[in-house]
Amino acid sequence: MCAEIAAQAAPVLILLGPPGAGKGTQARLLQEAHGYVQLSTGDLLREAVANGTAAGQAAKAVMAAGGLVSDDIVIAILSERLDQPDTAQGVILDGFPRTTVQAQALDQLLQTRGQRINAAISLEVDDAQMVTRISGRFTCGGCGEGYHDQFKAPATPGQCDKCGGTDFKRRADDNAETVGSRLAAYHAQTAPLISYYEGKGVLSGVDAMGDIAAIQASLANIISRATA
Ligand code: ADP
Ligand code: ADP
Ligand code: ZN
């Protein structure tokens, strides 16, 4: 009975990696291919800031400076999002957890839902590549599709491949000053999660220096094994 429930539980996949590693890009591709829902705490926090909620007001300055928003705020936002019915197909966590406290909170949240982590996939890029990726990043304001000046420009300049929109955005925190703090936060607080998930036997590392399609293929392999 328990095994049956576990086998049927919606898959939970974690994408770990420094800012700019390609977590959002790959999460969107997985969402399209498998119907798993991308849960990006960065997107949820930016929405909270834009809506001026209490959480958003508390997070705004920290995000602008490239620090990590407090665990309490992020865990509350993520937990609320996990309760939405669209997560029943399975979720891809993009940018969460980022600290050991968040990882432990996630374990508890999943336990109460009868779910488990199927795979934690670490996207490995070096610091120089991370800076290059962040400095060229922009997104479509209409549908959220991600682009890069050098590596993933729209087929028709100025027009989104996905929705045809012409309004593009760059994130305020994707600047040279903030990148250093974000990188430091990653190494100090998030990188230790690699061994946390290794210890649980769910970690896979992927070389994320290659092109988007090659990384997508590696992820597809890992995920089909982890959800079989
Ligand atoms: P993250 O969510 O990890 O911060 P993104 O998915 O937003 O990273 O990717 C950062 C930037 O790098 C975006 O502009 C994206 O288009 C680009 N990008 C993502 N994956 C690759 C890749 N494998 N090679 C080159 N550029 C990439
Ligand atoms: P990136 O992958 O490029 O670092 P995100 O969109 O994931 O960008 O995050 C943007 C910012 O939002 C982070 O620099 C941090 O301030 C905040 N943030 C997002 N997720 C978390 C989290 N799990 N814990 C703490 N802060 C977070
Ligand atoms: Zn678009």
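Note that this is a predicted model, so its numbers are computed, not measured.

A. The arrangement of the packing of helix α3 (residues 41–51) against helix α5 (residues 71–82) in detail. Their axes nearest at 10 Å, the elements α3 and α5 cross at an angle of 100°. As judged from the angle between their axes, α3 and α5 are roughly perpendicular. Of α5, the residues touching α3 (which contributes T41, L44 and L45) are I73, V74, I77, L78 and R81. When the residues that make up the contact of α3 with α5 are grouped by side-chain class, the tally is six nonpolar, one polar and one charged.

B. Highlighting the site of ligand 1. Lining the immediate environment of ligand 1, one finds 17 residues, of which G20, G24, T25, R137 and Y147 sit closest. Contact between ligand 1 and G22: an oxygen atom at 3.0 Å from a main-chain N or O atom of the residue. G24 places a main-chain nitrogen or oxygen 2.8 Å from an oxygen atom of ligand 1. Here ligand 1 has 560 Å² of accessible area as a free molecule, and 92% of this is covered by the chains. Elements supplying a minimum of two residues to the shell around ligand 1: α2 (23–34), β6 (146–148) and α10 (212–226). The element that contributes the greatest number of residues to the shell around ligand 1 is α2, accounting for three residues. Residue composition of the shell around ligand 1, by class: seven nonpolar, six polar and four charged.

C. Main features of the packing of aromatic side chains. Scanning all chains against the criterion turns up four aromatic pairs. Relative to F168, the ring of F138 lies with its centre 5.5 Å away and its plane at 80°, an arrangement referred to as edge-to-face. Of this pair, F138 sits in strand β5 (residues 137–140) while F168 sits in strand β7 (residues 168–169), and the two are 30 residues apart along the sequence. Judged by centre distance (5.8 Å) and plane angle (85°), the ring pair of Y147 and F168 falls under edge-to-face. Linking Y147 in strand β6 with F168 in strand β7, this pair joins segments that are 21 residues apart in sequence.

D. Here's a closer look at the sheet that holds strand β1 (residues 12–16). Spatial ordering of the open sheet is given by β2-β3-β1-β4-β8, a layout of five strands whose pairing is parallel. Since the sheet does not close on itself, it has two edges, and those belong to β2 (37–40) and β8 (203–207), each with one partner. Pairwise comparison of adjacent strand axes, ignoring direction, gives a mean angle of 25° for this sheet. As paired elements, β1 and strand β3 (residues 91–94) share four bridges and run parallel to each other. Its bridge partner lying in β3, I14 is registered against L93. Seen against the sheet, helix α9 (residues 192–199) touches β1, β4 (119–124) and β8 and runs at an angle of roughly 145° to β1.

E. How the structure looks around the site of ligand 2. Around ligand 2, a shell composed of 19 residues is seen, among which T41, G67, R98, R137 and R182 lie nearest. In the model, an oxygen atom of ligand 2 is placed 3.1 Å from a nitrogen or oxygen of the K23 side chain. Note that a nitrogen atom of ligand 2 is positioned 2.8 Å from one of the side-chain N or O atoms of T41. Starting from 550 Å² of accessible surface for ligand 2 in isolation, the protein chains cover 97%. The element that contributes the greatest number of residues to the shell around ligand 2 is α3, accounting for four residues. Looking at the shell around ligand 2, its residues break down into seven nonpolar, five polar and seven charged.

Definitions and cut-offs
- Residues numbered from 1 in each chain as written.
- Chains lettered and ligands numbered in written order.
- Predicted model: local features only at pLDDT ≥ 70, side-chain atom pairs only at ≥ 80, totals over all residues.
- Heavy atoms only, no water.
- Axes fitted to C-alpha atoms, helices over the stretch in contact; angles between N-to-C directions.
- Helix = DSSP H or I, 4+ residues; strand = E, 2+ residues; numbered from the N terminus.
- Parallel < 35°, antiparallel > 145°, perpendicular 65-115°, else oblique.
- Contact = heavy atoms within 4.5 Å.
- Nonpolar A, V, L, I, M, F, W, Y, C, P; charged D, E, K, R; others polar.
- Near = heavy atom within 4 Å.
- Polar contact = N/O pair within 3.5 Å; in protein donor to acceptor, adjacent residues only side chain to side chain.
- Areas by Shrake-Rupley, 256 points an atom, 1.4 Å probe, with all protein chains shown as cover.
- Phe/Tyr/Trp six-rings, centres within 6.5 Å; stacked < 30°, edge-to-face > 60°.
- Pairing = 2+ DSSP bridges.

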